[in-house]
Every structure is written in structure tokens, then in C-alpha cells.
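Understanding the architecture of this molecule
What follows is each chain in one-letter form.
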Amino acid sequence: MNEYDSNRIYDSVKKIGFEKTENYEDASCYLLNTCHIRNKAKEKVYHEIGRVKKIFRHKKKPLVIIAGCVAQAENQEMLKREPYIDLVIGPQSYHKINDTILNHIEKKKKIEQTEFDAISKFKYFNKIKNEAGKVSSFITIQEGCDKFCHFCVVPYTRGPEYSRSFKEIIDETKYLADNGAKEIILLGQNVNAYDNEGYRLSNLILEIEKISEIERIRYTTSHPKDMTEDLIEVYKESKKLMPLVHLPVQSGSNKILDLMNRKHTINEYIEIFDSLKAINPNIEFSSDFIIGYPGEETQDFEDTFNLIKRIKFINSYSFIFSPRPGTIAADLKLINKKVSMERLEKVQTQLFENQITMNKSLKNKTLNVLVENLTEDKMKVFGRSEYMTPVIFNGKKDDIGKIVPVKIRQSNRSTLFGEIIDNANQKVA
Ligand code: SF4
């Protein structure tokens, strides 16, 4: 979502004369869009500002703006702690960024904007074209969260759940499609909680399906509680919805899910998996896991491990629990660090094995790959399979934006290597 937000911020500040620079050492404005999910997010921001200060020591100080969730969480505190920062602007105030910058330039006053005002924000951005111009383009359809999992800062930094207008999303998708987008990734902290005047995520998917230029549709990140019947049924109807379902489960233990306030059980999760597999056996799941959550005992961990083996998740994210200030879990007693590390290692070994097994099973198979760009050395092309796995092969610049058949020859854990089917007799290094 921060990538999408950064592009939208750029679409906005272009209107008051700013341009992106490849060489930020020459920048007159430095904007850091921050994420609060990762450990020590706040300290990383101050560390980065320290680095910027050094770079600009003998130059004119740039206008320094901190945006994103750390800005939201820290607000005034940032301006007090680090005088080098000029503006602090939270994710629901980006529509005010141009006025805030101009105001600062005129009055030299430090400003903090951190109100939750998603309605005004999306009204403002609906009028500004999304110029991302990418083959695979993001669209935020929903923001915020009302679920309050005990470990998570999102409800405090992104505010309550808000769904954008159905029509505005379709208009934005059409504009992106006219400008080369072939894949749309619908974004939201609780994307499948989307609800705009009765239109749900399933309705959006089926409407986007009608836009002929769009060939692939994805959505992220979902909550198991919002995997409603209509969304599951869409997998029967849709030809463009990709078969990778990213559905965070966090733990395989009902006891831990309850302690986390996740509001669903493992049985419910497995039922979703079984229903989707019954519709399309090629559907695969990826997930997020928090290992060593306070209260996690050996049996709870074993339940998580067994779930990973049962579902055979691919491309998953796993981390040891780390407390986020201001959340309920921040005050809970941590479990032994060594035990957490051992459990994480065991989980990651199994997750990696799932990935490797999946990738190896694709050898000599032909996959449809959406080509996104040239590789850095410009010798090959980079695309993604239906499961989001990166694929590198001997395509040409003209293939960018097309879905081409690629025969897979080799793989490692994260990437597939192949050759475009027309050139199948050529050897790939
Ligand atoms: S549902 Fe997701 S975004 Fe909301 S509190 Fe839980 S983990 Fe955070």
C-alpha cells in the first residue's frame, strides 16, 4: 500500500512543481513514506534522517517530510525529537500535502497533519489521475481496520475501516487499463471487508473482469472472517482472478488465535481452504505467521507446524513476535527468545521446503507469464506466474505487457527460469 500511496503522493505534488529525482542527494524535498509494521520502525526513521543530515551537511537543507504510519503514530513527537524534520503527515491526510508544503514554504512553520479523514482523501485523489502506468498496478479500495488484533498497530495508524466508492474504483481501473495495465492488485488492510453501498469485493472483481485490457486480478490482504460465500463463489465465475490466495492465519492454534483476538478458528480457516480447493484444485494459499506469541506453548506451536504441512502454504511470511507500543500485546510476557528462534527456524524450513517442492514440480511445464520489464542487464525479461512467482526468461522488450507461454527449465526457492515457448530449442543459462 505504501508503494501505491507514494505514487499517489507524487501524482499530487507534481501539481505544485515537484519532480522525482534518481539522485536524491540533489533533492530539494525529501519525503520518507514509512511503515509501522516492522520491528523498530520508529528508530529506523530517525536513523535514516541522521543519514540524510550527513548527506546534506554542506548543502542546502531539503524540505524533510515524514509520511506513513510512523508519522501517524508519532505525530508531534517527531517534530520535537528531530528538528531536521519539517512536516509530519499521516496516511489519511495525504490530500492536504500540497497545501501543507506550500504553507510551510511561505511561513517556515513546522506542521503535523494526522487526522483520520479518509473520505476527503479519496475525494481529492479521485480527481487526480493515477499515473503509475505499470503493467501490474495497485489500486487501494479499502483502508483501515476495525478488528483490533492484539498485536497490530494498523487500527491506530490507518483508522477505522473505510471503503472507496465502487464507481471511482472502476473509473481508476479503466484509466490504468487505457495506460497499459494488464494486472490489477486491489489493496486494503482488510481488502475483503470492502463494502460500499452493498457492493462487495466479489462485485468489484466481476466488474473489473469486464474490462477487456485487464487480464489478471488479485487482492490483498484478506482476513479469514471476511472470506464470505460470495467471494468464494467468485472463484467459480471469474476467469481473471488468480489462483493464489493470500490469507493470513498467524497461528495454527485456537488458543493463540483467541489470545490474538483474531475472531476465527482453525476449523473455519480449513473450511475456507477446502471450499476453494473444491472449486479449483489448483488454488494455492500463502499466509503470514507470528511465531512465539505470548502464551505459545509446545502444543500450540505444533498445531501451527501441522497446519503448514496440511495447507502446504507457498510464499509465506513468518516472524518472531515483537511488541508494538500501544497495542494490548505490548504488555504481555514474552516467551523465551531461544525457543522462539528454534520454532521460527523449524517453520521457515518447512515453508521453504513447500516453495522448493512447488517450484521443482514445475520443471518442463509451460506457464503463462505476464511480462513486467527487462532484467537489470537488459538481456532477459522478468514476469510473474499466476502464483506471483518471479520468472526470468529470454523474452524481448516487445513482450512487456503480454502474457506469454514459458517452459520452466530451472528454479531456486524464489525464482523460476525458463524459455519462451517459441524459442524452446534455445538453451537457457
Ligand atoms: S485484521 Fe489485520 S490489519 Fe486488522 S488488526 Fe488484525 S492484523 Fe491488523
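Residues numbered from 1 in each chain as written. Predicted model: local features only at pLDDT ≥ 70, side-chain atom pairs only at ≥ 80, totals over all residues.

As for the overall build of the protein chain
Looking only at helices and strands, the protein chain has 14 helices and 20 strands in total. A globule of 429 residues ought to have a C-alpha radius of gyration of about 22 Å, and the protein chain, at 23 Å, matches this closely. A principal-axis box enclosing the C-alpha atoms of the protein chain has dimensions of 65 × 55 × 45 Å. Looking at the protein chain as a whole, 39% of its 429 residues are labelled buried. Within the protein chain, counting contacts between residues at least 6 apart in sequence, those at least 24 apart form 72% of the total. (Helix = DSSP H or I, 4+ residues; strand = E, 2+ residues; numbered from the N terminus. Rg over C-alpha atoms; globule rule 2.2 N^0.38 Å. Buried ≥ 20, exposed ≤ 12 C-beta atoms within 10 Å, placed from the backbone. Contact = placed C-beta atoms within 7 Å.)

Concerning the pairing of strand β16 (residues 366–374)
Where β16 lies against strand β19 (residues 403–411), 5 bridges are found, and the strand directions are antiparallel. When the bridges of β19 are listed, Val 369 appears paired with Val 404. Bridge count for β16 against strand β17 (residues 381–384) is 4 bridges, and the pairing is antiparallel. Across the sheet, the residue bridging to Asn 373 is Phe 382, located in β17. With antiparallel pairing between neighbouring strands as the criterion, β16 and β17 make up a hairpin whose turn holds 6 residues, including Lys 378 at a positive phi of roughly 65°. (Pairing = 2+ DSSP bridges.)

A short note on unusual backbone geometry
Residues Thr 220 and Thr 221 are joined by a peptide bond in cis, for which omega reads 5°. Phi is positive for Lys 312, close to 55°, though the residue is something other than glycine. Within the secondary structure layout, Lys 312 lies in the loop between α13 (298–311) and β15 (317–320).

Topic: the nonpolar core
Grouped together as the largest cluster of nonpolar side chains are 78 residues, with contacts concentrated most on Ile 66, Ile 89, Ile 141, Ile 184, Leu 186, Leu 187 and Leu 204. For this core, the element with the highest residue contribution is helix α12 (residues 266–279), accounting for 5 residues. Shared between two domains, this core holds at least three residues of each, these being domain 1 (2–115) and domain 2 (120–357). Setting aside chain neighbours within four positions, we find Leu 204 in contact with Ile 141, Phe 166, Ile 169, Leu 186, Tyr 194 and Tyr 199. Listed in part, the 11 residues of the second largest apolar core include Leu 367, Val 381, Phe 393 and Val 406. (Core = buried A, V, L, I, M, F, W, Y, C linked by C-beta atoms within 7 Å. Domains from an automatic or database assignment.)

Concerning the sheet that holds β17
Taken together, 5 strands build a closed barrel; the order of strands is β16-β17-β18-β20-β19 and the barrel is mixed. Each strand of the sheet is rotated relative to its neighbour by a mean of 50°, with strand direction disregarded. (Axes fitted to C-alpha atoms, helices over the stretch in contact; angles between N-to-C directions.)

Brief notes about the sheet that holds strand β11 (residues 216–220)
Here we have 3 strands laid out as an open sheet, ordered β5-β8-β11, and parallel in their pairing. The open sheet has two edge strands with one neighbour each: β5 (136–140) and β11. The sheet shows a mean angle of 20° between the axes of neighbouring strands, direction not considered. Relative to strand β8 (residues 183–187), β5 is paired through 5 bridges, and the arrangement is parallel. For Ile 139, the partnering residue across the bridge sits in β8 and is Leu 186. Its contacts with the sheet place helix α8 (residues 166–178) against β5 and β8, and it is angled at close to 165° to β5. Each of β8 and β11 touches helix α9 (residues 201–209); the most contacted strand, β11, lies at about 160° to it.

Quick word on the domain arrangement of the protein chain
Accessible area lost on assembly of the parts is the figure often given for the size of an interface. Domain assignment breaks the protein chain into domain 1 (2–115), domain 2 (120–357) and domain 3 (366–423). Between the C-alpha centres of domain 1 and domain 3 there is a distance of 36 Å.

Some remarks on helix α5 (residues 97–107)
Those residues of α5 that sit buried are Ile 97, Thr 100 and Ile 101. Viewed end-on, α5 has its buried residues packed into an arc of 95°, placing them on one side of the element. Across α5 from its buried face, at more than 90 degrees, point the exposed residues Asp 99, Leu 102, Glu 106 and Lys 107. Next to the buried residues of α5 lie α1 (2–13), β2 (63–68), β3 (87–89) and β4 (111–113). (Arc of directions from axis to C-beta.)

Remarks on the site of the ligand
Near the ligand the following residues occur: Cys 145, Lys 147, Phe 148, Cys 149, Cys 152, Val 154, Pro 155, Gln 189, Asn 190 and His 223. For the shell around the ligand, a count of residues per class yields 6 nonpolar, 3 polar and 1 charged. (Near = placed C-beta within 6 Å. Nonpolar A, V, L, I, M, F, W, Y, C, P; charged D, E, K, R; others polar.)

Some words on the packing of helix α10 (residues 229–237) against α12
At a minimum axis separation of 9 Å, α10 and α12 run at an interaxial angle of 20°. Considering their axes alone, α10 and α12 lie roughly parallel with respect to each other. Of the two possible hands of crossing, α10 and α12 adopt the one that is right-handed. Where α10 approaches α12, its residues Ile 232, Tyr 235 and Lys 236 are matched on the opposing element by Ser 275, Leu 276 and Ile 279. Taken together, the residues of the contact of α10 with α12 sort by class into 4 nonpolar, 1 polar and 1 charged. (Parallel < 35°, antiparallel > 145°, perpendicular 65-115°, else oblique. Left-handed = near helix turned anticlockwise from the far one by under 90°.)

Structural notes on the environment of Ile 392
By the element assignment, Ile 392 lies in strand β18 (residues 390–393). Sequence separation between Ile 392 and Val 369 is 23 residues, and the spatial gap between their C-alpha atoms is 9.5 Å. Leaving out residues up to four positions away in the same chain, Ile 392 has contacts with Thr 375, Lys 380, Phe 382, Thr 415 and Phe 417.

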